[in-house]
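What the coordinates show
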Amino acid sequence: RDLATASAYPPKILGVDYNRQIAVLDSLKQQSKRPLTLTEKLLYSHLIVDGQREWNLEKIDRGRTILELQPDRIACHDATATMALLQFISAGLPRVRTPTTVHSDHLVISEKGAIEDLERATSEHAEVYDFLSSASRKYGIGFWKPGSGIIHTVIFENYAMPGGLIIGTDSHTPNAGGLGMLGIGVGGADAVDAMSGMPWELVAPRVIGVNLTGQLQGWASTKDIICKLAGVLTVSGGKGSVVEFFGPGTQTLGATAMATICNMSAEIGSTSCIFPHSPSMDRYLKGTKRDYVAQSAIQVRNVLLTADEGSHNYYDRVIDINLSTLEPHINGPFTPDLAHPISQLKSTISDKDWPVELSHAMVGSCTNSSYEDLDKCRQLVRQAHAAGTTKFKVPFLLTPGSEQIQATAEADGILDELRDAGAVVLSSSCGPCVGSWDRKDVDVKGHEKNSVISSFNRNFIGRHDSNPATHSFVTSPEIVTAFAYSGRLDFNPTMDKIAGTDIPFLLEPPINQELPRHFETGLDTFQEPPTDGSSLTVSVDPKSDRLQLLNPFKPWQRGNADGMEILIKVSGKCTTDHISPAGPWYKYRGHLENISNNMLTTASNASLPNDPQLLGHTRNPLTGKVNVVPEVARDLQKNGVRWCIIGDNNYGEGSSREHAALEPRYLGGTAIIARSFARIHETNLKKQGMLPLTFNDSADYDRICDGDRISLIGVEEGELQPDKSVVMKVQGKNGSVWEADLNHSFHQGQLAWLRAGSALNFIKTKTVG
Ligand code: SF4
């Protein structure tokens, strides 16, 4: 079928062009008759086909081939959009070339409740919101104002389209998979590529098939599917793979419930997560007034939205989950892959030093704030009320995912019933999920030990409240609600009665109520861009401490990697939350100089004593004194000393924030040498002109000592080549010298980014002048 004229299917909707996609698939299938997985269909149908690029299905090597793709949409939230838009501005284009939206969700600090918190946010962050709003108008971007909702929920309610491909500057973008849209989290620099109309590159992912059989029973929910999977695969087990669900169980789940699973696929480090088309997708699309999308999807259901028969033999790995025997899970603390089936949690706790009394229960976030979720909480509140218990035992916070869900739950009386039980309904923003929580009930600065339970997705150290002693556990909203009545972590609602009441009572598992009778739309919080923004201006005050226009990084210079000092040898988990913490630092996300003061300030230094007071500290190789990491980095930079960082396993896991890559580059870093990297962070480092390298023998990590100096051999122009290792020469403080091989994942095109100083420098040479 001719790509330009094909029109057997419905016309382009929401940026998604089924005719083009199916024509690309048809052309690929002419080369190979092998059946395609759903993941392959959705990705390969977005390949750029322009006469310069030829794609052959037989030659696409998963894990190696670089796909050049054309996403249908891009989404950014306020904590990443500032930097993404600052980069887009410096690319010099008049308007985005791919539909893009910006969502104001991360900056709102949760404290008192929706109205007061939004008032505080619009006043405290006025400068940033003005920048995002005016830049969005000028460059043709849809802008969702504060209070609109959380990026992934708003996308799900408005833009998710079965078969589409969306990239977002947030690691939970896979959430869209609950409606059959492939969502992939990227760094801001990747988003800028796509906004500029440049090909978006992705290494062809492997495909992990998850076969769902049976039907969920009792207290088990979709949250438990992903919590169990996290236990099986660990936080890095999905790396380089898309998790593709199949089997009869997929047809029994609601669309928002599937979105919960896809959302949390970020917690296993996967590229994305996808479900085949199902009747519940159809129901959800119609329920959210998108009948035309639902009808279009039905027309391409077999050809595009389901895996080909026989394609299951082409999965790289298959995991079976029987929903009928799945138990509720509670994962944590400090990592989402520490999975505990609820029947085992009590005995596990008895061996641990975790606080048993809960300090907070929290429901919501983009992961679990659907109508179905909130209705289940309400059902438990009603049961408790009927048994004579009118209040939760612990403070209960609720963050609705969007204005639409908030207005619907309000109209249906759900929020009032939860408020009566003691819940504080916060604004439709990220809030405590991401550290935007002005927490007063525990001594955060004094690192007061406490436990919290939430229906969020992530529970890394300090994630919610910057307190490294907060033990955070994630589970389903109904289990959180049951625990809010118990007040204890060693509780099992499947068998334990709620104690401390006149008549102890057993809660019954709530029943799924997938959709409301009617979705309310709530307030209109969307700003549509004008068709021509060329006469509009975007100003950035040079004296601002929140926003700073970017200066290009210097191109690579010969000798950059000679005699590098080690800024810090990080030990253990080092997520992007450790490299560039969130919470109070959000306000500096548009100001590279200021936010760089948070670099690695919660990371653990392998060369210093294991003392919480020394987190984020390192020894200055010039003075021998111990100081916070960013200050030492600035001192090295001021003195013209090159430096690198040594990382452990899965360095940079977690969110997609590119600040974690921009900061070491801005402060003069050359290379990060780790046992392994998380996918998005590794790409982000390359985009900012840094060298991410991995030990060929991971035991070499242990050989590196405080005070060693490192030179890299084979990284100069003409020397560094794809698939060719680099030599690390280590000069010890004691005069010893040893060498080891390091690997890299640069492909030929990415080497140009390194030489230009950054991908953006390289883009400019392609798009301007
Ligand atoms: Fe916001 Fe938390 Fe969702 Fe991230 S995971 S978008 S911080 S609610």
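Residues numbered from 1 in each chain as written. Predicted model: local features only at pLDDT ≥ 70, side-chain atom pairs only at ≥ 80, totals over all residues.

Looking up the protein chain in an unreviewed UniProt entry gives the name Aconitate hydratase, mitochondrial, with the organism given as Penicillium steckii. According to the UniProt record, the Subcellular location (unreviewed entry) comment for the protein chain is "Mitochondrion". (UniProt positions renumbered as here; feature names shortened; annotations may be inferred.)

1. What about the site of the ligand?
With respect to spatial proximity, the complete set of residues near the ligand consists of Asp-105, Ile-150, Ile-151, His-152, Asp-170, His-172, Ser-365, Cys-366, Cys-430, Cys-433, Val-434 and Asn-457. The class makeup of the residues in the shell around the ligand is six nonpolar, four polar and two charged. (Near = placed C-beta within 6 Å. Nonpolar A, V, L, I, M, F, W, Y, C, P; charged D, E, K, R; others polar.)

2. Quick word on the nonpolar core
Ala-361, Leu-567, Cys-644, Ala-671 and Ile-673 are the most contacted members of the largest nonpolar core, which has 215 residues in total. Ignoring any residue separated from it by four or fewer positions in sequence, one finds Ile-673 in contact with Cys-644, Ile-646, Gly-647, Leu-693, Phe-695, Met-728 and Leu-742. (Core = buried A, V, L, I, M, F, W, Y, C linked by C-beta atoms within 7 Å. Buried ≥ 20, exposed ≤ 12 C-beta atoms within 10 Å, placed from the backbone. Contact = placed C-beta atoms within 7 Å.)

3. As for the domain arrangement of the protein chain
If you check the domain split of the protein chain, you get domain 1 (18-68), domain 2 (329-486) and domain 3 (564-767). Placing the centre of domain 1 and that of domain 2 at their C-alpha centroids yields a distance of 43 Å. (Domains from an automatic or database assignment.)

4. Section: the sheet that holds strand β27 (residues 726-731)
The strand order around the closed barrel formed by seven strands is β20-β23-β24-β25-β28-β27-β26, and the pairing between neighbours is mixed. Pairs of neighbouring strands in the sheet enclose a mean axial angle of 40°, with direction left out of account. Helix α19 (residues 629-638) rests against β20 (564-569) and β23 (643-647) of the sheet, and its axis sits at about 175° to β20. (Pairing = 2+ DSSP bridges. Helix = DSSP H or I, 4+ residues; strand = E, 2+ residues; numbered from the N terminus. Axes fitted to C-alpha atoms, helices over the stretch in contact; angles between N-to-C directions.)

5. Examining the packing of helix α10 (residues 279-287) against helix α11 (residues 291-304)
Each pair of packed helices can be described by the angle between their axes along with the distance between the axes. At a minimum axis separation of 7 Å, α10 and α11 run at an interaxial angle of 155°. The orientation of α10 with respect to α11, classified from their angle, is roughly antiparallel. Contacts from Asp-282, Leu-285 and Lys-286 of α10 reach α11 at Asp-291, Val-293, Ala-294 and Ile-298. Looking at side-chain class alone, the contact of α10 with α11 contains four nonpolar, no polar and three charged residues. (Parallel < 35°, antiparallel > 145°, perpendicular 65-115°, else oblique.)

6. Considering the packing of helix α1 (residues 18-29) against α11
The geometry of α1 relative to α11 is characterised by a closest axis approach of 12 Å and an angle of 10° between their N-to-C directions. Comparing the axis directions of α1 and α11 gives the class roughly parallel. Of the residues in α11, those in contact with Tyr-18, Gln-21 and Ile-22 of α1 are Ser-296, Val-300, Val-303 and Leu-304.

7. Quick look at the pairing of strand β3 (residues 100-103)
Of the two faces of β3, the one carrying Thr-100 and Val-102 and the one carrying Thr-101 and His-103 are both buried. Inspection of the sheet shows strand β2 (residues 73-77) paired to β3 by four bridges, in the parallel sense. The residue bridging Ala-75 from the neighbouring strand is Thr-101, located in β3. Since β2 and β3 lie parallel, the crossover through helix α3 (residues 78-91) that links them has a hand, and here it is right-handed. As judged from the three bridges shared by β3 and strand β4 (residues 142-144), these two strands associate in the parallel manner. Bridging across to β4, Val-102 finds its partner in Phe-143. (Right-handed = clockwise from strand over helix to strand, strands pointing away.)

8. So, the sheet that holds strand β10 (residues 272-274)
Strand order in this open sheet of four strands is β10-β9-β8-β11, and the pairing throughout is parallel. Two strands lie at the open edges of the sheet, namely β10 and β11 (317-322), each paired on one side alone. Recorded for the sheet is a direction-independent mean angle of 20° between the axes of neighbouring strands. Pairing between strand β8 (residues 206-213) and β11: six bridges, direction parallel. Counted as the bridge partner of Ile-208 is Arg-317 from β11.

9. Some thoughts on helix α6 (residues 151-158)
Counting buried positions along α6 yields seven of eight residues, so the element is predominantly enclosed. Regarding α6, the residues found buried are Ile-151, His-152, Thr-153, Val-154, Ile-155, Phe-156 and Glu-157. Where the residues of α6 are buried, they touch β2, β3, β4, β5 (165-168), α9 (255-264) and α14 (403-411).

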